Amino acid sequence: MHPILQQLIAQNPSLQASLPTHIGADGVAAAGIGTGYQALDDYLPWHGWPTGAMTEILTDTVGCGELSLLFPAMARLSHEKRPILCIGVPQTLFSPALRQAGIDVSRISQLNPAPTVKQFADNLWSTEQALKTGISGMVVLWSPPRANTAIESMRRLHLACLGRDTLLIHFRTTGCMAQPSPAWLRLNYSVSDTQVRLQVLKCRGQSLAPPLIRLDRAAVQPMLFAHLAARLQLNTAVTTGHFVKPKNPMIDSSVAVTTQARSATSSLATPTASRFSH
């Protein structure tokens, strides 16, 4: 790429937004923050979650472990002492689960947990201001189920994030799937007994040839998976009258794609909302 064009791109966020991939000043796709899952990293052009851009994760099943998809990246950022800001989380985060995932909870702040639809406008404003500071390593925003987010508000968030070394993750409902979005990455999140399924709806700079990525649920959500396996084992014992300890409870050997979580050894610093205590 011509040096003058590289300089213009580096200085102009609106030009960066028009490029087919996240291109840095050197004219190549910038590296993202590793997701911790090989199948997902191999597919994404940033080899991880894209920094300086919005990622949307769409799901109607709040509390099915969707945040655990971000745990490896959160662990890495928290150990790099960078703040992680969670805005509008549906339920207060459970700090023991975060610690078990290797996350330094002192780097995590929560703002307006369990918000109403009326509070969502405040959450949008707070998210935009947090992104403009460039301090946070990750900002996670939840939209309430009945919230109607105007495309202008979405563009403001995306522009506030462009060119910054910050991950913006926006959890929305699947009802937003048909709505336009400036996000560079959009995933439809769902789970079965043994898998986490990520339907790729949009990925800037990447074809949708393999639109469905399957991850081993035991690797993504080990605590929840163990609980479900134990419940299944108990139900089987009650029904049959025999207690049999399965070698691999609930694991389907026919699963085609199995990805083990890679260890994440990095982390983050802290903003000023509610923080976890050790």
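It should be noted that the structure appears before, not after, this text.
A few points on the structure. (Residues numbered from 1 in each chain as written. Predicted model: local features only at pLDDT ≥ 70, side-chain atom pairs only at ≥ 80, totals over all residues. Heavy atoms only, no water.)

Here we look at the nonpolar core
Point 1. Ranked by size, the top nonpolar core spans 44 residues in total, and within it Trp 49, Leu 69, Leu 70, Met 74, Met 138 and Leu 198 carry the most contacts.
Point 2. At five residues, the largest contribution of residues to this core is made by helix α4 (residues 71-79).
Point 3. Listed in part, the 16 residues of the second largest apolar core include Phe 120, Met 154, Leu 157 and Leu 168. (Core = buried A, V, L, I, M, F, W, Y, C linked by side-chain atoms within 4.5 Å. Buried < 20%, exposed > 50% of the residue type's maximum accessible area, 1.4 Å probe, protein only. Helix = DSSP H or I, 4+ residues; strand = E, 2+ residues; numbered from the N terminus.)

What about the pattern of salt bridges?
Point 1. Applying the stated criterion to the full structure yields seven salt bridges.
Point 2. Of the charged contacts, one joins Glu 128 and Lys 132 as a salt bridge, the two residues approaching to 3.2 Å between their closest N and O atoms. Residue Glu 128 and its partner Lys 132 are both found in helix α6 (residues 120-133); the two are separated by four residues, about one turn of the helix.
Point 3. Taken together, the shared-partner salt bridges connect Glu 56, Arg 172 and Arg 186 into one network. (Salt bridge = Lys/Arg side-chain N within 4 Å of Asp/Glu carboxyl O.)

As for the pairing of strand β3 (residues 108-111)
Point 1. In terms of strand pairing, strand β2 (residues 84-87) meets β3 through four bridges, oriented parallel. The residue bridging Ile 84 from the neighbouring strand is Ile 108, located in β3. (Pairing = 2+ DSSP bridges.)

Looking at α4
Point 1. For α4, the tally of buried residues reaches seven of nine residues, placing the bulk of the element in the interior.
Point 2. All of the buried residues along α4 are Phe 71, Pro 72, Ala 73, Met 74, Ala 75, Leu 77 and Ser 78.
Point 3. Against β2, α5 (95-100), β3, β4 (138-142) and β5 (167-172) lie the buried residues of α4.
Point 4. Following α4 by one or two positions, Lys 81 has its phi on the positive side, about 65°. (Contact = heavy atoms within 4.5 Å.)

Examining the packing of aromatic side chains
Point 1. Inspection of the entire model under this criterion finds one aromatic pair.
Point 2. Pairing Trp 142 with Phe 171 gives two aromatic rings, centres 5.2 Å apart and planes at 20°, and the pair type is stacked. Taken together, the residues span a long stretch of sequence, with Trp 142 in strand β4 and Phe 171 in strand β5 at a distance of 29 residues.
Point 3. By relative accessible area, which is 5% here, Trp 142 ends up buried.
Point 4. Judged by relative accessible area, Phe 171 falls into the buried class, the value being 3%. (Phe/Tyr/Trp six-rings, centres within 6.5 Å; stacked < 30°, edge-to-face > 60°.)

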